[in-house]
Amino acid sequence: MRPPHPIRAGFRLPAALRPLAGAALALLLGACAAPGPAPDDSDTPATPDPSFAPPAPPPAPRDTGPRPPAQATRTIVFVWDGLRPDAINADDAPNLVALRDRGVWFADHHATFPTLTMINAASLATGSYPAGNGFWGNTLWAPGASGTDAAGRPIDFRQPVFTEDWAVLDALDRAANGRLLRVPTLFEIAQQAGLRTAVVGKSGPAFLQDRKRGGIVIDENAVFPLELAEQLRRAGLALPRNTPIAHGGQPALSPDNGNPTAQAPVVTVTQRGGIASADPTDSSGPRATEANKALLKLYLDRVLGVRAPDLSLIWLREPDSTEHSYGPGSANARLALRAQDERLGELLAKLGELGLATTTNVIVVSDHGHSSVAGSPALFPPRAIVGGKLDGIAADGWPVSGEARTADLIARARLGIAAFDGAGCMTSAMAGQRRNGSNVYPLLFDATGALCGQPRTPYQTRSYRVPASLPPNAVVIAANGGAEYFYVPSGDSALVRKLASFLQTREEYGALFVAARHGKLPGTLPMSAVRLEAEGDAANADGSTATAPRGTQPALRTPDLVASFDYDASARVGSLPGSINASFFNSRGMHGSFSPVDVHNTLVAAGPSFRAGTVVQQPSGNVDVAPTVAWLLGLRMPRADGRVLFEALARPPSGVGAPGVTAGTLAPPPATGLRFALPTSADGADLDRAKTGRHETGLSYKDLKQSDGRVLRYFDQAKVLRK
């Protein structure tokens, strides 16, 4: 059983430090990775293990081992959203390469699956997996919550909700009786110890680090506390446009405030019928450069230089935003990388100017990798783009395929399942153009508005919004890009089995993970195998994480089934390898899957606490960032799943030896007797007659054994084979 060779890894970190003492701002979390070999997309899963013992080692007591140093060392975590380690190079990221070379490069770093921003934001905040921290994102279903978004608009929580919004997170936290995250965060622990903290950056993941606002928080939508917002306003500085909404109308913004955190528009290419997508050949620049400049400048000038927080976390949305639009292998994605590296240069220069460079740790981490959205080029040949228009088939062209709308596929299959995903009528230029130029999802028009709500609306898939009253055969889908969550309100295990079997027949989908309450299903893995399911006394029988008697509060359920889309880790699009199928979002880049390209992210650390010029080959993960930062601050996180990365420290405690690593693969019993449907037909009419109907899943992992006997498991990929 051959484990995959990891591509260069990344790592994200939560922030926390002193309480109300002075609230500081979040700073540096990025990604720095040296180029590495392409992942091994081996199509040889392990022989199924009939016993299929519990796949993840049981948690060991965590409040043991060496004591952290008595003196805290200032630490800045800089998150570069979506930074692939193999994208880093000296031309586009000279500051990051220099930081990596003088510090520690973690060559086998892992994101938490599903490889989504908010899932990994929670892991960076708590050092825990979803099974421990209880949080699901980016999009989840919580029909019992209520509230408004950061712009003050009411949210319909009957529909799955996107959580990259501080006000949405507040509403969910209220629904969970203040336990949206079920374990303490790094920021909370630091603030309780009297440390000053600051968070700045992307709406949602930055705020989640300090959702209780014990320190300074500068979000793309708001500034906390109000006193800081008023101070910045009096200084004549532009504030995030929605700041007054967060504070009951205060402070009043100046007439020329504008929208300093707005993103640049997307340059598009048009297909037949007028459906548009981003133009991957464009090189006009990344989407969030000006917004990121504005956020970082507030931190450097008004937080770091004035308040000198003990702990900062900066989360900037590039290169991810540009990768989603144009693809990770595009020219604009490289320009986004260059822009992020300039922000890192500004941070390092400011530390030098303030005399803090030799006394501050800087950690650059990414939340996840990033893949191109594309179907099989044998089924959907890439197309040339000429003069802003789609042209003929070209071997070096660009994909016009890879996306699927699951609710629509289920409806067309007539399974007796009523599927809803919360979205209205939709079109996507990435939904699949066949070799003959026809679309998998034909372009239609709703002349009267009966289907889409607006007359003469073009659509490829109709509305699947969640109704006020759900039928007994309902399935609610939270579409998340490279992975999707399936909720079965009735709890009917037979319905879950039918759903899993259908997804196994569709070649767009990859590994499936099923909640324990539904038993073992052929060809699937239990959610507990990858630490997704609520554990112990935190879990109710239905997998919810309610903390009060049932009926007295809305429960935040775990899904009944989680599906990764399938992928080809070696398929090259533009300048980088790695493609995935994905949700119906009209995106050229996506993540969330169990592809090694999405899983292996970036982690670099440099400063007085870290070794110099070191490459760590042992596996690490985003769950390890918070425990490590806590150690640097003289603190501990006893409820974290992750570990302190002692092998990277300049002065590790005595008695801590090098961890041992063993690799393996888990393979459940296969599903057989299936008829596989090609993605060239949305109604399942095109069968893959070259295959006999056997569906196998292999989950590749590495176990790391510490000197204290504790074993931690890191997941490299989950791959499905259809035979």
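Quick look at the structure, then.

Conventions we followed
- Residues numbered from 1 in each chain as written.
- Predicted model: local features only at pLDDT ≥ 70, side-chain atom pairs only at ≥ 80, totals over all residues.
- Heavy atoms only, no water.
- Helix = DSSP H or I, 4+ residues; strand = E, 2+ residues; numbered from the N terminus.
- Buried < 20%, exposed > 50% of the residue type's maximum accessible area, 1.4 Å probe, protein only.
- Contact = heavy atoms within 4.5 Å.
- Disulfide = S-S within 2.5 Å.
- Pairing = 2+ DSSP bridges.
- Axes fitted to C-alpha atoms, helices over the stretch in contact; angles between N-to-C directions.
- Salt bridge = Lys/Arg side-chain N within 4 Å of Asp/Glu carboxyl O.
- Core = buried A, V, L, I, M, F, W, Y, C linked by side-chain atoms within 4.5 Å.
- Phe/Tyr/Trp six-rings, centres within 6.5 Å; stacked < 30°, edge-to-face > 60°.
- Lys NZ or Arg CZ within 6 Å of the ring centre and 35° of its normal.
- Parallel < 35°, antiparallel > 145°, perpendicular 65-115°, else oblique.
- Nonpolar A, V, L, I, M, F, W, Y, C, P; charged D, E, K, R; others polar.

**Observations concerning the overall build of the protein**
Here comes step 1: Secondary structure assignment for the protein yields 15 helices and 32 strands.
Here comes step 2: By the burial criterion, 65% of the 723 residues in the protein qualify as buried.
Here comes step 3: Intrachain contacts of the protein at a sequence separation of at least 6 include 76% that bridge at least 24 residues.

**Points about the state of the cysteines**
Here comes step 1: Enumeration according to the criterion identifies one disulfide in this entry.
Here comes step 2: Here C425 is linked by a disulfide to C452, with a sulfur-sulfur distance of 2.0 Å. Across the S-S bond of C425 and C452 the torsion is about -90°, and the bridge reads as left-handed. Here C425, found in the loop between β16 (418–420) and β17 (444–446), pairs with C452, found in the loop between β17 and β18 (457–459); they are 27 residues apart in sequence, far enough to count as distant.

**A word on the sheet that holds strand β23 (residues 561–565)**
Note: strands within a sheet are paired through backbone hydrogen bonds, in either parallel or antiparallel orientation.
Here comes step 1: As summarised here, the arrangement of the six strands in space is β16-β19-β20-β23-β21-β22, forming an open sheet in which the pairing is mixed. Each end of this open sheet is capped by a strand with a single partner; those strands are β16 and β22 (525–526).
Here comes step 2: Two elements, strand β20 (residues 483–487) and β23, share four bridges in a ladder whose sense is antiparallel. In the strand pairing of β23, F486 is matched with L561.
Here comes step 3: Contacts from helix α12 (residues 406–413) reach β16, β19 (474–479), β20, β21 (509–514) and β23, with the element oriented near 150° to β19.

**Things to note about α12**
Here comes step 1: Looking only at α12, the buried set comprises T406, A407, D408, L409 and I410.
Here comes step 2: Looking at the buried positions of α12, the neighbouring elements they touch are β16, β19, β20, α13 (493–505), β21 and β23.
Here comes step 3: One or two residues past the end of α12 sits R414, with phi positive at roughly 55°.

**Regarding the environment of S376**
Here comes step 1: Here S376 lies in the loop between β13 (371–373) and β14 (383–386).
Here comes step 2: The exposure class of S376 is partly exposed, given its relative accessible area of 35%.
Here comes step 3: For S376 and I580, which are 204 residues apart along the polypeptide, the C-alpha to C-alpha distance reads 9.4 Å.

**Some remarks on the pattern of salt bridges**
Here comes step 1: Inspection of every chain in the model, using the stated rule, returns 36 salt bridges.
Here comes step 2: Between D92 and R334 there is a salt bridge, with its nearest N and O atoms 2.7 Å apart. Taken as a pair, D92 in the loop between β1 (74–80) and α1 (94–102) and R334 in helix α11 (residues 331–353) lie far apart in primary sequence, 242 residues in all.
Here comes step 3: Accessibility expressed as a relative area gives 37% for R334, which makes it partly exposed.
Here comes step 4: With a closest N to O distance of 2.8 Å, R643 and E647 form a salt bridge. There is no split in this pair, since R643 and E647 are both buried.

**Considering the nonpolar core**
Soluble, globular proteins show a tendency: their nonpolar side chains are buried together.
Here comes step 1: Counting residues in each nonpolar core, the largest one holds 93 residues, and the members touching the most others are F135, L208, F513, F594 and L699.
Here comes step 2: Here this core takes seven residues from helix α4 (residues 166–175), the largest share from any one element.
Here comes step 3: Judged by nonpolar contacts, the second largest core, of 38 residues, contains V97, L228, A229 and L239.

**What to know about the packing of aromatic side chains**
Here comes step 1: Overall, the coordinates contain twelve aromatic pairs when judged by the stated rule.
Here comes step 2: Plain terms: the ring middles of W166 and F207 are 5.9 Å apart, the flat faces sit at 55° to each other, and that makes the pair tilted. Within this pair, whereas W166 is found in helix α4, its partner F207 is found in helix α6 (residues 205–209), the two being separated by 41 residues in sequence.
Here comes step 3: Joined through ring pairs, the aromatic side chains of F113, F513 and F594 make up one cluster.
Here comes step 4: Here the guanidinium or amino end of R213 rests over the ring plane of F224, the centre of that ring lying 4.8 Å away.
Here comes step 5: In this arrangement the basic side chain of K719 is found over the ring face of Y567, its NZ or CZ atom lying 4.3 Å from the centre.

**Examining the pairing of strand β15 (residues 389–393)**
Here comes step 1: As defined by bridge partners, β14 adjoins β15 across three bridges and the pair is classed as antiparallel. When the sheet's bridge partners are listed, R383 is paired in β15 with I393.
Here comes step 2: Count of turn residues in the β14/β15 antiparallel hairpin: two residues, of which G387 carries a positive phi of about 60°.

**Some words on the packing of α12 against α13**
Here comes step 1: Where α12 contacts α13, the axes come no closer than 12 Å and their chain directions differ by 100°. What the angle tells us is that α12 and α13 run roughly perpendicular. Contacts between α12 and α13 involve T406, L409, I410 and A413 from the former and L499, F502 and L503 from the latter.

**Some remarks on the packing of α1 against α11**
Here comes step 1: α11 packs onto α1 with a crossing angle of 60° between their chain directions and a minimal axis gap of 7 Å. Classed by the angle they form, the pair α1 and α11 counts as oblique. Contact with α1, carried on its side by P94, N95, L96, L99 and R102, involves D341, L344, G345 and L348 of α11 and no other residues of that element.
Here comes step 2: Residues that form the contact of α1 with α11 fall into these classes: five nonpolar, two polar and two charged.

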